[in-house]
Amino acid sequence: MSMDIKQIQDLIKFVAKSGVNEVSIEEENFKITIKTNQAPTYVTATVPATPQQQPVSVMPAPVETPQPAAPKTEDTSNYVTIKSPMIGTFYRSPSPDKPVFVNVGDEITAGKVVCIVEAMKLFNEIESEVSGRIVKILVDDAQPVEYDQPLFLVEPK
C-alpha cells in the first residue's frame, strides 16, 4: 500500500474532524502516523525510495487555537474568609423547609451562625468570627467541603 499526497491530505482532514488524538498506519513498506492534540498537526510519512518515488514528509500549517480569555479575578484582599473547620457536607439552612442562615448582602455579627457542616451524622453550626457583610458564598448547598476550605467572603465592618 502506498499513498499519494492527495490521499494523505484527505486522511489529515478526516483525522482532524474525527477528534482522534493519533492514527498510525503501517504496512510492509509504508508507515504514516498522524497525531493531534488541539495543537498543530504534524504528519510524517515514510515510503521506501524507488526510482519513481522519494520519501514524503508533510508538515501542514499549524491550526490556530484560540486562547481562552483570562478569567476575571476579583480583589479579595480586603475580605475576610470564613473557612470550614472540618470535613463534611455544607448546608445553608437548618433543614430543607427552613430559610437559609445568610444570603449575599446580609449583615452578620461575630457569633452568628452562617451555615451547618454535617460530619458523621452530627450537624455542626458554623459561627462567624467577624462582623460585616456577606460578599460571596463560595460553596453550593449540600456539597462536600474539606478542612479549611473557604465557605464565605465577608467584608468586615
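Structure's up top.
A brief look at the structure comes next. (Residues numbered from 1 in each chain as written. Predicted model: local features only at pLDDT ≥ 70, side-chain atom pairs only at ≥ 80, totals over all residues. Heavy atoms only, no water.)

Glancing now at the nonpolar core. The biggest cluster of nonpolar side chains holds 16 residues, and the ones touching the most others in it are F90, I108, V114, C115, I134, L151 and F152. Those elements that provide at least two residues to this core are β8 (113–119), β10 (132–137) and β12 (150–156). If sequence neighbours within four positions are ignored, V114 has contacts with I82, F101, V102, I108, I126, S128 and F152. Ranked by size, the runner-up nonpolar core spans 7 residues in total, among them M3, L11, F30 and I34. (Core = buried A, V, L, I, M, F, W, Y, C linked by side-chain atoms within 4.5 Å. Buried < 20%, exposed > 50% of the residue type's maximum accessible area, 1.4 Å probe, protein only. Helix = DSSP H or I, 4+ residues; strand = E, 2+ residues; numbered from the N terminus. Contact = heavy atoms within 4.5 Å.)

It is worth spelling out the sheet that holds strand β9 (residues 122–127) at this point. With antiparallel pairing, the 4 strands of this open sheet are ordered in space as β9-β8-β6-β11. Sheet topology places β9 and β11 (143–145) at the edges, where each strand pairs with a single neighbour. Here the average twist between neighbouring strands, direction ignored, is 40°. Sheet topology places β8 next to β9; 6 bridges connect them, and they run antiparallel. The residue bridging E118 from the neighbouring strand is F123, located in β9. (Pairing = 2+ DSSP bridges. Axes fitted to C-alpha atoms, helices over the stretch in contact; angles between N-to-C directions.)

By the criterion of burial, β8 is predominantly enclosed, with 7 of the 7 residues buried. Both strand β6 (residues 88–91) and β8 contribute to a ladder of 3 bridges, which runs antiparallel. Across the sheet, Y91 pairs through a bridge with I116, a residue of β8. What sits between the antiparallel neighbours β8 and β9 is a turn of 2 residues, in which M120 has the positive phi angle 50°.

What follows concerns the layout of surface pockets. Volume-wise, the second largest pocket comes out at about 180 Å³. Among the secondary structure elements, those contributing two or more residues to the lining of the second largest pocket are β5 (80–83) and β9. Ranked by the residues each element gives to the lining of the second largest pocket, the list is headed by β5, at 4 residues. (1 Å grid on protein atoms, 1.4 Å probe; cavity = no way out; pocket = protein on both sides within 12 Å on 5 of 7 lines; lining within 4 Å. Points joined across faces, edges and corners; volume = space filled by probe spheres on them.)

What follows covers unusual backbone geometry. Even without glycine at this site, M120 takes up a positive phi of about 50°. According to the relative accessible area criterion, M120 is exposed, its value standing at 80%. Of note in the backbone geometry, K121 takes a positive phi value of approximately 65° without being a glycine. With respect to the helices and strands, K121 occurs in the loop between β8 and β9. Residue K121 is classed as exposed on the basis of its relative accessible area, which comes to 69%.

On to the sheet that holds strand β7 (residues 107–108), then. With antiparallel pairing, the 4 strands of this open sheet are ordered in space as β5-β12-β10-β7. For this open sheet the edge positions go to β5 and β7, each flanked by a neighbour on one side alone. Sheet topology note: the β7/β10 ladder contains 2 bridges and is antiparallel. Across the sheet, E107 pairs through a bridge with R133, a residue of β10.

Quick look at the packing of aromatic side chains now. As enumerated under the stated definition, the model contains 2 aromatic pairs in all. Geometrically, the ring pair formed by F90 and F152 is tilted, given 5.9 Å between the ring centres and 55° between the ring planes. You can see F90 sitting in strand β6 and its partner F152 sitting in strand β12, a full 62 residues away along the chain. In this structure F152 comes out as buried when scored by relative accessible area, which is 0%. Each ring, one from Y91 and one from F123, has its centre 6.3 Å from the other, and the planes form 40°; the classification is tilted. (Phe/Tyr/Trp six-rings, centres within 6.5 Å; stacked < 30°, edge-to-face > 60°.)

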